[in-house]
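Coordinate inspection notes
Residues per chain, in single letters:
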Amino acid sequence: MNISIEIKERDTDHIDIFVAGEIDAYTAPKVKEALEVYQVKEGIVLRIDLTEVSYMDSTGLGVFVGAFKSLRQRQSELILFGLSDRLFRLFEITGLSDIIEIKNVEGEMNGNNA
């Protein structure tokens, strides 16, 4: 399946990325490539809207873990939002929901994140 990635830079420190489709072994490299540009910047907030993502496998999780680690080293933030219940459970089962900030919708937290 194809994947669609749309990037909107609200300003130099706030970037919104909208992902639609399935994130799997075939499409994860495209997501990774889109995120890599921002992983080298200091002090940014990278918000990723996964509302239109219908499926994600471990390859997709790996992309977000890698982005989270890189951003954190540069005092930047990664925020995921719009996850379906199914996607949120995937992050919850793997324990990633405890370290990566996840929101249901903009401004509303999902899970126990602070």
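These lines cover the structure that appears in this document, whether it is placed above or below. Computed from a prediction, not measured in an experiment: that's the story for all the values here.

1. Things to note about the nonpolar core
Core analysis: the largest hydrophobic core is formed by 30 residues, its most contacted members being Ile23, Leu46, Ile48, Leu50, Phe64, Leu80 and Phe91. Residue assignment for this core shows that the elements contributing at least two residues are β2 (14-23), α1 (28-36), β3 (45-56), α2 (58-73), β4 (77-81) and α3 (85-93). Tallying contributions element by element places α2 first for this core, with 6 residues. In this view, Phe91 contacts Met56, Leu61, Phe64, Leu80, Leu83, Leu96, Ser97, Ile100 and Ile102; residues no more than four positions away in its chain are not counted.

2. Details of the packing of aromatic side chains
Taken as a whole, this structure holds 1 aromatic pair when the rule is applied. Relative to Phe91, the ring of Phe64 has its centre 6.4 Å away and its plane inclined at 50°; by these criteria the two rings are tilted. Taken together, the residues span a long stretch of sequence, with Phe64 in helix α2 and Phe91 in helix α3 at a distance of 27 residues. Taken individually, Phe64 and Phe91 each receive the classification buried, so the pair is uniform in this respect.

3. Concerning the pattern of salt bridges
Under the defined criterion, the tally for this structure stands at 4 salt bridges. Between Arg10 and Asp16 there is a salt bridge whose closest N-O contact spans 3.2 Å. The residue Glu101 makes a salt bridge to Lys103 at a minimum N-O spacing of 3.6 Å. The pair Glu101 / Lys103 is uniform in exposure class, with both members buried.

4. Regarding unusual backbone geometry
In this model, Gln75 sits at a positive phi of 55°, which is unusual for a non-glycine residue. You can see Gln75 is positioned in the loop between α2 and β4. Classification of Gln75 as exposed rests on a relative accessible area of 60%.

5. Some words on the side chain of Ser76
Mapped onto the elements, Ser76 comes out in the loop between α2 and β4. In this structure Ser76 comes out as buried when scored by relative accessible area, which is 9%.

6. Examining the pairing of β2
With 8 bridges joining them, strand β1 (residues 3-11) and β2 adopt antiparallel strand pairing. Opposite Lys8, over in β2, you have Asp16 as the bridge partner. In this sheet, β3 lies alongside β2 in parallel orientation, the contact comprising 9 bridges. Across the sheet, His14 pairs through a bridge with Val45, a residue of β3. In this view, the connection linking β2 to its parallel neighbour β3 by way of α1 has right-handed handedness.

Parameters and conventions
Residues numbered from 1 in each chain as written. Predicted model: local features only at pLDDT ≥ 70, side-chain atom pairs only at ≥ 80, totals over all residues. Heavy atoms only, no water. Core = buried A, V, L, I, M, F, W, Y, C linked by side-chain atoms within 4.5 Å. Buried < 20%, exposed > 50% of the residue type's maximum accessible area, 1.4 Å probe, protein only. Helix = DSSP H or I, 4+ residues; strand = E, 2+ residues; numbered from the N terminus. Contact = heavy atoms within 4.5 Å. Phe/Tyr/Trp six-rings, centres within 6.5 Å; stacked < 30°, edge-to-face > 60°. Salt bridge = Lys/Arg side-chain N within 4 Å of Asp/Glu carboxyl O. Pairing = 2+ DSSP bridges. Right-handed = clockwise from strand over helix to strand, strands pointing away.

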